[in-house]
Amino acid sequence: MVLVSSNSEKDGAANDGSMVDFRGHPIDKSRTGGWLAAGLILVTELSERICVMGISMNLVTYLVGNLHLTSAKSATVVTNFMGTLNLLGLLGGFVADAKLGRYLTVLLSAAITALGITLLTIATSIPSMRPPACKGNQECVEATGSQLALLYAALYMTALGGGGIKSNVSGFGSDQFDSSDPKEEKSMIFFFNRFYFGISVGSLFAVIVLVYIQDNIGRGLGYGISAGTVVIALIVLLLGTPFYRYKKPRGSPLTMIWRVIFLAWKKRTHPYPSHPSLLNQYEEAKIPHTQRFKCLDKAAILDELAASGENRSNPWVVSTVTQVEEVKLVFKLLPIWSTCILFWTVYSQMTTFTIEEATFMNRKVGSFEIPAGSFSAFLFITILLFTSLNEKLFVPLARKLTKSPQGLTSLQRVGIGLVFSTVAMIAAAIVEKQRREMAVDHNTKIRAFWLVPQYFLVGAGEAFVYVGQLEFFIREAPDRMKSMSTGLFLSTISMGFYVSSLLVTVVDKLTHKSWLRSDLNNGRLENFYLLLAALGTINFLVFLAFATRHQYKGQQYNDPDDSGKEMKNSNDMILEDIEKIRIEAKEGP
């Protein structure tokens, strides 16, 4: 995931003192940054992709097959891991913005990831960390808490490191190019195009080669290879230290948001002023005052403490109208944010139950049996295909039809993706019902390639939702809070995985474990998929209600001059940054 620079950052960012070399001196563009530095940095991202995909896309088979956990519990372990990884990306972004900077955050995160994946290698290699193998028709013994302790420690340490890498490494890579220099800006776009191929190869390597090694040679070796890639990436990152450009930390937008909320709550008993012009720095506001979320205006009330000259500039005593309005803009995005969560809940099924389904199906091609986790390769191939079709076919066609430089708006992309996800769950339910009936009634395993349609539909949906979400949050976030766009985006993915865990737990309890069983032939997994399809339909209708009422930034102001300026900035963003968003958003969760 990549932070895209805002327009305000383009005006000589390399020369305003915010960019320095490793000694803290102003950068020498001939000796720092550029292709070499960015390439060294993104080796770390490549290793993160190999590790995370190598774990998430095949962990459920280990939990069910080797540790004898139930299907529901195994799915919850995987989705909690992925949810935590993306949630900790928020922490990594905050630490980098507020204190450490991107380089140190990536460096520490890579070291933590290396330690986590090493512990995972140990946890899956030591026989005492697994329960005894199942014997005949006897009930399998589930792994104990002590046997799971090291596994959980390894997973969440990997999540901590992976989250820090995910939220910073690509942004650090883009820091190596001066976006105010047309030549370097073109190089950055070209670089990300080229490097995306490497990221895609890394993901496919993980789900094809590493998954095969895990299933057929040994989990320890498979995870050990992942650990080795992170160690190599860490060494490469350190070797490039003299060649990087470093952006000084300028504080996190999260701090300002919490500060405004805190002050609004603290002054909740204060009466509103007779006119908004009495609020702090009303005349100097860079964003026009609005009446929405009026309760937040209290953060800008000049009470007795704030009225003194020295306290007017103390952000912990009183906020400015500009700060309050920026927080309002973020709050305005939350309805759309909430309706994007369920897509990632559907996506999470591709890493859990769909892979478990494959273990009950015929996976042979000739004499070779494809590992169940390797079928997720169809997901990545579809994402690659539809991302390219979006750029080469769908968007140009939409531009001709709509006469808009965007082609499809960000919310239209999200809506299309939500439809794909709902159809995917219907297709998944049909396939699972047929699979179970053939297994129970005819003792026949259907071909695992019947899973391809649901992978195809979810992959196509991600190609639309991923870009649409990121583009929406980047365009609609306040100019000074562009890094919040990645935070909002990461949180939707995180919440999607957590909602999956919650749904699995609730469904398992309400159905008395009759839907989600370790032996899928005795369960009713198709009912769970149909439940997700129903929830997806309701969610889509709610999304439509919010989307049709949403006013894009620049459309909500009554002042024609202000509106014109905002629309100009928005169009600049479309023309200059959207292509980078599409390239950089291809990374996936």
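Use the structure listed above.
These numbers come from a predicted model, not from an experiment. For every chain, the first residue of its written sequence is number 1, and the numbers climb from 1 along that sequence. Predicted model: local features are reported for residues with pLDDT of at least 70 only, side-chain atom pairs are reported and counted for 80 or more only, and whole-chain, interface and lining totals are derived from all residues. Here the side-chain values reflect all heavy atoms present in the structure, with hydrogen atoms and water set aside.

(A) Broad picture of the overall build of the protein. Helix and strand labels come from DSSP, where a helix needs a run of H or I of at least four residues and a strand needs a run of E of at least two; each type is numbered from the N terminus. Per the secondary structure count, the protein includes 17 helices and four strands. Here's how the labels work: a residue is buried when its accessible area is under 20% of the maximum for its type, exposed when over 50%, partly exposed in between, all with a 1.4 Å probe on protein chains only. By the burial criterion, 57% of the 589 residues in the protein qualify as buried.

(B) Inspection of the layout of surface pockets at higher detail. Definitions used for this entry: grid spacing 1 Å over protein atoms alone; cavity, a set of points where a 1.4 Å probe fits but cannot get out; pocket, an open set with protein on both sides within 12 Å along at least 5 of 7 lines; lining residue, one with an atom within 4 Å of a point. Grid points are joined across faces, edges and corners, and a volume is the space filled by probe spheres set on the points. The computed volume of the second largest pocket comes to approximately 470 Å³. Side-chain classes follow a simple rule in which Ala, Val, Leu, Ile, Met, Phe, Trp, Tyr, Cys and Pro form the nonpolar group, Asp, Glu, Lys and Arg form the charged group, and the remainder, Gly included, forms the polar group. Its residues placed into classes, the lining of the second largest pocket shows five nonpolar, five polar and six charged.

(C) Helix H7 (residues 253-266), seen in detail. A helix is expected to span 1.5 Å for every residue after the first. The end-to-end C-alpha separation of H7 is 20 Å, in line with the 20 Å expected for 14 residues at 1.5 Å each. Inspection of H7 places Pro253, Met256, Ile257, Arg259, Val260, Leu263 and Ala264 among the buried residues, and these make up the whole buried set. Each buried residue of H7 lies within a common arc of 165° when the element is viewed along its axis, so the set occupies one face. Along H7, exposed side chains directed more than 90 degrees from the buried face belong to Trp258 and Trp265. Within this analysis, the arc is defined by the directions that extend from the helix axis to the C-beta atoms.

(D) Molecular detail of helix H4 (residues 145-174). The terminal C-alpha atoms of H4 lie 43 Å apart, and with 30 residues this matches the ideal 44 Å at 1.5 Å per residue to within 8%. What is called the bend at a residue is the angle between a pair of axes, fitted to the seven residues leading up to and ending at it and to the seven starting from it. The principal kink in H4, of about 35°, is found at asparagine 168. Here H4 lies mainly inside the structure; 21 of its 30 residues are buried.

(E) Quick peek at the packing of helix H1 (residues 34-56) against helix H6 (residues 219-239). The N-to-C vectors of H1 and H6 enclose an angle of 165°; their axes lie 8 Å apart at closest approach. As far as their axial angle goes, H6 and H1 are roughly antiparallel. Between H1 and H6 lies a crossing of left-handed hand. Contact with H1, carried on its side by Leu40, Ile41, Val43, Thr44, Ser47, Ile50, Cys51, Gly54 and Ile55, involves Tyr223, Ser226, Thr229, Val230, Ala233, Val236 and Leu237 of H6 and no other residues of that element. A fitted line through C-alpha atoms serves as each axis, taken over the contacting stretch for helices, and the angle formed by two N-to-C directions is quoted from 0 to 180°. Should an angle fall under 35 degrees it is called roughly parallel, over 145 degrees roughly antiparallel, and 65 to 115 degrees roughly perpendicular, with every other angle called oblique. When the near helix sits turned anticlockwise from the far one by under a right angle, the crossing is termed left-handed; a clockwise turn instead gives a right-handed crossing. A contact between two residues is defined here by any heavy atoms of the two lying within 4.5 Å.

(F) Broad picture of the pattern of salt bridges. The term salt bridge refers to a side-chain nitrogen of Lys or Arg lying within 4 Å of a carboxyl oxygen of Asp or Glu. As enumerated under the stated definition, the model contains 15 salt bridges in all. When the shortest N-O distance is used, the salt bridge between lysine 29 and aspartate 178 registers 3.3 Å. Of this pair, lysine 29 sits in the loop between strand S1 (19-20) and H1 while aspartate 178 is found in the loop between H4 and helix H5 (182-216), placing the two residues 149 residues apart along the sequence. Assessed through its relative accessible area of 4%, aspartate 178 is described here as buried. Salt bridges sharing partners connect three or more residues here, namely Arg102, Asp175 and Lys247.

(G) Region of the structure containing the environment of valine 64. Relative to the elements of secondary structure, valine 64 occurs in helix H2 (residues 59-65). The sequence separation of valine 64 and glutamate 142 amounts to 78 residues, and the corresponding C-alpha distance is 9.2 Å. If we skip the residues at most four places from it in the chain, valine 64 touches Leu69, Thr70, Ser71, Ser74 and Glu356.

(H) Representation of unusual backbone geometry in the model. Even without a glycine there, the phi angle at glutamine 281 is positive, about 55°. Tracing the backbone shows glutamine 281 in the loop between H7 and helix H8 (304-307). Residue phenylalanine 293 is not a glycine yet carries a positive backbone phi of 50°. Turning to its location among the elements, phenylalanine 293 is positioned in the loop between H7 and H8. A relative accessible area of 35% means that phenylalanine 293 is categorised as partly exposed.

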